[in-house]
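# Structural features, examined
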Amino acid sequence: MMNDEFICRCEEVKREEIEKAIEDGATTLAGVKRRTRVCMGLCQGRTCQRLVTQMLLKVEDPAQIKPPTSRPPVRAIKIGEIVEGEDE
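The structure contained in this document is the topic of the report that follows. (Residues numbered from 1 in each chain as written. Predicted model: local features only at pLDDT ≥ 70, side-chain atom pairs only at ≥ 80, totals over all residues. Heavy atoms only, no water.)

## Considerations on unusual backbone geometry
Quick reminder of the rule: Numbering of helices and strands runs from the N terminus; a helix is a DSSP stretch of H or I covering at least four residues, while a strand is a stretch of E covering at least two. Only protein chains enter the accessibility calculation, which uses a 1.4 Å probe; a residue whose area is less than 20% of its type maximum is buried, one above 50% is exposed, and one in between is partly exposed.
Positive phi, close to 75°, is recorded for R37, a residue that is not glycine. For R37, the position within the fold is in the loop between α2 (29–36) and α3 (49–57). Overall, the relative accessible area of 42% leaves R37 in the partly exposed class. Here Q44, not a glycine, exhibits a phi torsion of approximately 55°, which is positive. With respect to the helices, strands and loops of the structure, Q44 is situated in the loop between α2 and α3.

Written out as C-alpha cells, the structure reads:
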C-alpha cells in the first residue's frame, strides 16, 4: 500500500503521517515538521523535503510554501575540550 511508504527515512515518518498532519491543518513545511519530525533527521531534509513539498502543493498555493528554518550541523566534541576551555 502507498501509505506505508517512508517519506523521511531518518525519522521513520510515513506518508500517511504527513497526510494526517496536512489534514489536521499543517499548511507549511514547518507545520508538518512540528507535527511529524520530518526533515529533522541526520540528512536535515535533503532526502525528504522535496517529497513533503510535493504533498503540500496538492493542497496549498505554491507561493505560500516556504522552506523551513535550517540550522548548521552540530558536531560531537570530547568532554576534555570543554574542560580545557573553562580556564580561559
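Additional details are given in the paragraphs that follow.
## Digging into the packing of helix α1 (residues 15–23) against α2
Between two packed helices, the angle of one axis relative to the other and the distance separating the axes together describe the packing. To keep things clear, this is the line we draw: In this analysis an axis means a line fitted to C-alpha atoms, helices contributing only their contacting stretch, and an angle means the value between N-to-C directions, from 0 to 180 degrees. Oblique is the label for any angle not under 35 degrees, not over 145, and not in the 65 to 115 range, which are roughly parallel, roughly antiparallel and roughly perpendicular in turn. Handedness of a crossing follows from how the near helix is turned relative to the far one, being left-handed for an anticlockwise turn of less than a right angle and right-handed for a clockwise one. The contact criterion used throughout is that any non-hydrogen atoms of two residues lie within 4.5 Å. Each residue is assigned to one of three groups, with Ala, Val, Leu, Ile, Met, Phe, Trp, Tyr, Cys and Pro labelled nonpolar, Asp, Glu, Lys and Arg labelled charged, and all others, Gly among them, labelled polar.
In contact at an axis separation of 9 Å, α1 and α2 are set at 120° when each is read in the N-to-C sense. On the basis of the axis angle, α1 is oblique to α2. With respect to the hand of their crossing, α1 and α2 are arranged in right-handed fashion. Where α1 abuts α2, its residues E17, I18, A21 and I22 lie against V32, R35 and T36. Broken down by class, the residue content of the contact of α1 with α2 amounts to 4 nonpolar, 1 polar and 2 charged.

## A closer look at the pattern of salt bridges
To be explicit about the condition: By definition, a salt bridge exists where a carboxyl oxygen of Asp or Glu is found within 4 Å of a side-chain nitrogen of Lys or Arg.
Tallied over the full model, the rule gives 3 salt bridges. For the salt bridge of E5 with R15, the shortest nitrogen-to-oxygen distance reads 2.9 Å. Remark: R15 occurs in helix α1 and E5 occurs in the segment before β1 (6–8); sequence separation between them is 10 residues. Assessed through its relative accessible area of 13%, R15 is described here as buried. Between E11 and R37 there is a salt bridge whose closest N-O contact spans 3.0 Å.

All we've got here are geometric facts, nothing functional implied.
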